[in-house]
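# A look at the structure
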Amino acid sequence: MSNFKDDSSPNGSLSGAFANDLPGEFAKRFGGSSDTVRVFAAPARINLIGEHIDYNGGKVFPVALDRYLYAAIRKRNDDSIIVRNMDLPGEFRTTLGSPFVANANGDYVKYLNGILFGVQKAKGVLGSGFEMLLFSTVPMGAGVSSSAALELCFSYALSELYGLGIDRLDLVKISQKAEHDFAGVQCGIMDQFAVAFGKKDNAILLDTASLEYELVPLLLGDYRIVLMNSNKPRALADSKYNERLAECRRGLAELQNIVSIKNLCELSNRQFEEYSASIGDETVRRRVRHCVSENVRVLQSVDALKAGDLRSFGKLMCESHCSLRDDYEVSGSALDALYDEAMLQEGCLGARMTGAGFGGCAIALVHKDRVDAFIREVALGYMAKTSIEARFYIAGTGEGAHEIS
């Protein structure tokens, strides 16, 4: 909902304990006492590796970030619903059973509509309306899953505020369906899962076919994950995402004529080489090759990090970016420029785009003593190539959706 702002402390709370002051900010805007206002938060996420395979039954490796979307919320005594956003002008009003109407300053309400519909379908109409104030340090449209942060923050807040007792996995599924049906993006489940289940100092190895997961300690030693925001709007991301989904489904259907699989990522690299000739279209074949090879890279990356082999992990990051650039064709000129500039820098072990692509963010694994020089040099090189000013952030880990006590 906002641009990157360096206003978060290492533990993810706003500077000056602003999250704890949100009830007071809420009362200034809505009136009344702040005593019954509750504050919830949900993090952004990055995917360390395993891009565009969560909708192909693959294994992915995301981590929750210490950048949060916050919702201060309070019940009303009638059926009115009022939402305001500290980063955007105006307000949105509706009543229980009626959707919000989006405008130029509030395209995000389509996600709120999806969550309201999903929660009430699961648990019945809420007993009363509510007022909600939103604030975020998560950048929208940057590929760090601002939409999933909004979905999980809002759905978790409703579950807790009204005592609905919806478990986290069901909140994840409600949020994913909101993305499908109300935003028109046929996303996999990774983003919502990472935002719900993220744990500080850990990444999540998630099998998107079975939803089994493992928390993997993120031990980077003297290295840091640098998040590089291209500041290039992701105008094509949603339409191209759905296009890639359709291509993968086509490839799967052709492969299922000769091999018994439910998802593309069930194939090994060897099996892909054996069966790939059955895929008639060369473009579809390359899409499938990315899915298969990326799934293998995820497992290799987890092994490398568990062994403390950061150089191997960095190499796998680079292979992932090249596959996303060449086989899946979702990186784009801005992300490729960030990648190229990052890989020229001393102390950088690897880099890759993260997220849907066509703009948004890339990440790099950089030695802590070289971070400042890395940021300076990449920023200069990127500006020279694109005339766009990139933004940078040292990516700390955060907690999944929770209430601020």
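Up top you'll find the structure we're talking about.
Residues numbered from 1 in each chain as written. Predicted model: local features only at pLDDT ≥ 70, side-chain atom pairs only at ≥ 80, totals over all residues. Heavy atoms only, no water.

## Describing the overall build of the protein chain
- A count of helices and strands for the protein chain gives eleven helices and 13 strands.
- Radius of gyration (C-alpha) of the protein chain: 21 Å, near the 22 Å computed for a compact globule of 405 residues.
- With the C-alpha coordinates of the protein chain rotated into their principal frame, the extents come out at 65 × 50 × 40 Å.
- With 405 residues in all, the protein chain has 59% of them scored as buried. (Helix = DSSP H or I, 4+ residues; strand = E, 2+ residues; numbered from the N terminus. Rg over C-alpha atoms; globule rule 2.2 N^0.38 Å. Buried < 20%, exposed > 50% of the residue type's maximum accessible area, 1.4 Å probe, protein only.)

## Looking at the sheet that holds strand β8 (residues 213-217)
- Overall, antiparallel pairing links the three strands, which are arranged β2-β7-β8 in an open sheet. Among the strands making up the open sheet, the edge pair consists of β2 (59-60) and β8.
- Running at roughly 140° to strand β7 (residues 202-207), helix α5 (residues 190-197) makes contact with β2, β7 and β8 of the sheet. (Pairing = 2+ DSSP bridges. Contact = heavy atoms within 4.5 Å. Axes fitted to C-alpha atoms, helices over the stretch in contact; angles between N-to-C directions.)

## Here we look at the pairing of strand β5 (residues 88-95)
- Relative to β5, strand β4 (residues 80-85) is paired through six bridges, and the arrangement is antiparallel. The residue of β5 that forms the bridge with Val83 is Phe92.
- Adjacent in sequence and paired antiparallel, β4 and β5 are bridged by two residues.

## Concerning the nonpolar core
- Ile46, Leu48, Phe61, Phe130, Leu158 and Met228 are the most contacted members of the largest nonpolar core, which totals 128 residues.
- The biggest single contributor to this core is helix α3 (residues 146-161), with ten residues.
- When neighbours within four sequence positions are excluded, Leu48 is seen to be in contact with Phe61, Pro62, Val63, Ala203, Leu218, Ile225, Phe313, Arg352 and Ile363.
- Grouped together as the second largest cluster of nonpolar side chains are 13 residues, Val37, Val39, Tyr68 and Leu133 included. (Core = buried A, V, L, I, M, F, W, Y, C linked by side-chain atoms within 4.5 Å.)

## Examining the packing of aromatic side chains
- Tallying each qualifying case throughout the model produces eleven aromatic pairs.
- Aromatic pair Phe117 and Phe182: ring centres 5.8 Å apart, planes at 50°, arrangement tilted. On the criterion of sequence distance, the pair formed by Phe117 in helix α2 (residues 109-123) and Phe182 in helix α4 (residues 168-182) is long-range, its members being 65 residues apart.
- Ring centres of Phe193 and Tyr213 lie 5.2 Å apart, and the angle between their planes is 70°; on these two criteria the pair is classed as edge-to-face. (Phe/Tyr/Trp six-rings, centres within 6.5 Å; stacked < 30°, edge-to-face > 60°.)

## Section: the pattern of salt bridges
- As enumerated under the stated definition, the model contains 33 salt bridges in all.
- When the shortest N-O distance is used, the salt bridge between Glu247 and Arg244 registers 3.7 Å. With Glu247 and Arg244 both in helix α6 (residues 237-255), this residue pair falls three residues apart, about one helical turn.
- Overall, Arg244 belongs to the buried group, its relative accessible area being 4%.
- The partner of Arg286 in a salt bridge is Glu282, and the shortest N-O contact between them spans 3.9 Å. Taken together, the residues span about one helical turn, with Arg286 and Glu282 both in helix α8 (residues 282-306) at a distance of four residues. (Salt bridge = Lys/Arg side-chain N within 4 Å of Asp/Glu carboxyl O.)

## Focus on the packing of α2 against α3
- Running from N to C, α2 and α3 point in directions that differ by 35°, and their axes come no closer than 10 Å. In this structure, α2 crosses over α3, and the sense of that crossing is right-handed. Across the interface between the two elements, Tyr111, Leu112, Ile115, Leu116 and Val119 from α2 touch Ser147, Leu150, Glu151, Phe154, Ser155 and Leu158 from α3.
- Classifying every residue of the contact of α2 with α3 by side-chain character gives eight nonpolar, two polar and one charged. (Left-handed = near helix turned anticlockwise from the far one by under 90°. Nonpolar A, V, L, I, M, F, W, Y, C, P; charged D, E, K, R; others polar.)

## So, the sheet that holds β5
- If you walk across this open sheet you meet the six strands as β5-β4-β6-β3-β1-β13, and the pairing is mixed. In this open sheet, the two strands that pair with only one neighbour each are β5 and β13 (402-404). Direction aside, the axes of adjacent strands within the sheet are offset by 25° on average.
- Inspection of the sheet shows β4 paired to strand β6 (residues 130-136) by five bridges, in the parallel sense. Along β6, the bridge assignment pairs Ile82 with Glu131.

## Some points on helix α9 (residues 310-326)
- When the terminal C-alpha atoms of α9 are compared, their 24 Å separation across 17 residues agrees well with the 24 Å that a helix rising 1.5 Å per residue should span.
- Within the span of α9, buried status applies to Leu310, Phe313, Gly314, Leu316, Met317, Cys318, Ser320, His321, Ser323 and Leu324.
- Those residues of α9 that are buried are in contact with β9 (223-229), α8, α10 (332-343), β10 (348-354) and β11 (361-367). (Expected span 1.5 Å × (residues − 1).)

## With respect to the pairing of β6
- Along β6, seven of the seven residues are buried, which leaves the element largely enclosed by surrounding structure.
- Side chains Phe130, Met132, Leu134 and Ser136 of β6 all project onto a buried face; the interleaved residues Glu131, Leu133 and Phe135 project onto the opposite face, where all are buried too.
- Across seven bridges, the pairing between strand β3 (residues 62-75) and β6 is antiparallel. By the bridge assignment, Leu69 is partnered in β6 with Ser136.

## Some remarks on the packing of α3 against α5
- Put simply, α3 and α5 touch, their axes get as near as 9 Å, and they point 55° apart. Between α3 and α5, the crossing angle belongs to the class labelled oblique. Judged by the twist between their axes, the crossing of α3 over α5 is right-handed. Facing α3, whose interface residues are Ala148, Ala149, Glu151 and Leu152, α5 presents Asp191, Gln192, Val195 and Ala196. (Parallel < 35°, antiparallel > 145°, perpendicular 65-115°, else oblique.)

## Comments concerning the environment of Leu133
- One can find Leu133 in strand β6.
- A C-alpha to C-alpha distance of 31 Å links Leu133 and Phe358, two positions 225 residues apart in sequence.
- Not counting the four nearest positions on each side in its chain, Leu133 is found in contact with Leu22, Glu25, Phe26, Arg29, Phe30, Tyr70, Ala71, Ala72, Arg84, Asn85 and Met86.

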